Amino acid sequence: MSQTASDPLEYVRERGIGALAEKMGIEIKEFGLERAVATMPVEGNTQPAMLLHGGAYVVLGESLGSMSANLHAGDGRLAVGVDINATHTRSATSGTVTGVCTPIHLGRSVTVHEIAIFDDQDRRCSTVRITNMIKDRSTT
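Residues numbered from 1 in each chain as written. Predicted model: local features only at pLDDT ≥ 70, side-chain atom pairs only at ≥ 80, totals over all residues. Heavy atoms only, no water.

Undergrad: Explanation requested: the sheet that holds strand S1 (residues 27–31) in the structure shown.
TA: Sheet strands pair by backbone hydrogen bonding; their relative direction is either parallel or antiparallel. One open sheet holds the six strands; their spatial order is S1-S2-S4-S5-S6-S3, and the pairing between them is antiparallel. Only two strands of the sheet have a single neighbouring strand rather than two, namely S1 and strand S3 (77–88). Going from strand to strand, the sheet's axes swing by 25° on average, the running direction of each strand aside. The pairing of S1 with strand S2 (residues 36–41) spans four bridges and is antiparallel. The partner of Phe31 across the bridge, within S2, is Ala36. (Pairing = 2+ DSSP bridges. Helix = DSSP H or I, 4+ residues; strand = E, 2+ residues; numbered from the N terminus. Axes fitted to C-alpha atoms, helices over the stretch in contact; angles between N-to-C directions.)

Structure representation (C-alpha cells):
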C-alpha cells in the first residue's frame, strides 16, 4: 500500500484485521495516516470481575497502531511492533469501547502511535502507546 493511497479503508478490507482482532469483535470505522478509529464490544472480552480485560485494551491499541504503521511504511516495507505499554484509568463494564489512534512520530524506520480508548460515555478508559520498527520486506 502506498503512503498516498486514495482509499486507506480499502487497504484494511484487502489486508484484513487479523484473526485475534476478528475474534474480539474489533471493527474499523475510520482509517488513514493521521487518524484511525475502531470499536470493540466489552461483552466477550471481560476478565472474571466482568470488567473489560486489560489485555483487550492492548489488543485494540496494537491492532490500530500496527495497521497504521504499516500504512505509513508503504509498499515493500513492513512495520513490526517493538514496544507497547498501556495505562488503564477507568473500567468499561458494558457496551463498546472506541479506540482513536493518532501518530506521535512517523519516521523512515520508526513510528510511534498513541491510542486513546473511550467507553460509551466518552470517558477515557485506557491509553496505549506502541512503537513500530519499519524494515524492508524479505524477498525470500
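Undergrad: Would you take a moment to explain helix H3 (residues 54–73) for this structure?
TA: Three or four residues apart is the spacing at which side chains of an α-helix point the same way, because the helix has 3.6 residues per turn. With 20 residues, H3 extends 28 Å from end C-alpha to end C-alpha; this agrees with the ideal 28 Å at 1.5 Å per step. Just downstream of H3 lies Gly74, where phi reads positive at about 85°. (Expected span 1.5 Å × (residues − 1).)

Undergrad: What am I meant to see in the nonpolar core here?
TA: Residues Ile26, Phe31, Met40, Leu52, Leu60, Leu64 and Val97 are the most contacted members of the largest nonpolar core, which totals 27 residues. Looking at this core, the elements with two or more residues in it are helix H1 (8–15), S1, S2, H3, strand S4 (96–106), strand S5 (110–118) and strand S6 (124–136). For this core, the element with the highest residue contribution is H3, accounting for seven residues. Not counting chain neighbours up to four residues away, the residues in contact with Phe31 comprise Pro8, Leu9, Tyr11, Val12, Ala36, Met67, Ser68 and Leu71. (Core = buried A, V, L, I, M, F, W, Y, C linked by side-chain atoms within 4.5 Å. Buried < 20%, exposed > 50% of the residue type's maximum accessible area, 1.4 Å probe, protein only. Contact = heavy atoms within 4.5 Å.)

Undergrad: Would you mind going over the environment of Thr89 with me for this structure?
TA: The topology assignment puts Thr89 in the loop between S3 and S4. Sequence separation between Thr89 and Arg124 is 35 residues, and the spatial gap between their C-alpha atoms is 7.1 Å. Once residues lying within four places of it in the same chain are set aside, the contact partners of Thr89 are Arg124, Cys125 and Ser126. At 3.3 Å, the side chain of Thr89 and the backbone oxygen of Arg124 are in polar contact. (Polar contact = N/O pair within 3.5 Å; in protein donor to acceptor, adjacent residues only side chain to side chain.)

Undergrad: How should I be thinking about the side chain of His113 in this particular structure?
TA: Within the secondary structure, His113 is located in strand S5. Every residue in contact with His113, bar those within four places of it in the chain, is listed here: Gly65, Ser68, Ala69, Cys101, Thr102, Pro103, Ile104, Leu106, Val128, Arg129 and Ile130.

Undergrad: It is not clear to me how the environment of Thr102 should be interpreted in this structure. Could you clarify?
TA: Mapped onto the elements, Thr102 comes out in strand S4. Accessibility expressed as a relative area gives 30% for Thr102, which makes it partly exposed. Along the sequence, Thr102 and Val37 sit 65 residues apart, while their C-alpha atoms lie 9.1 Å from each other.

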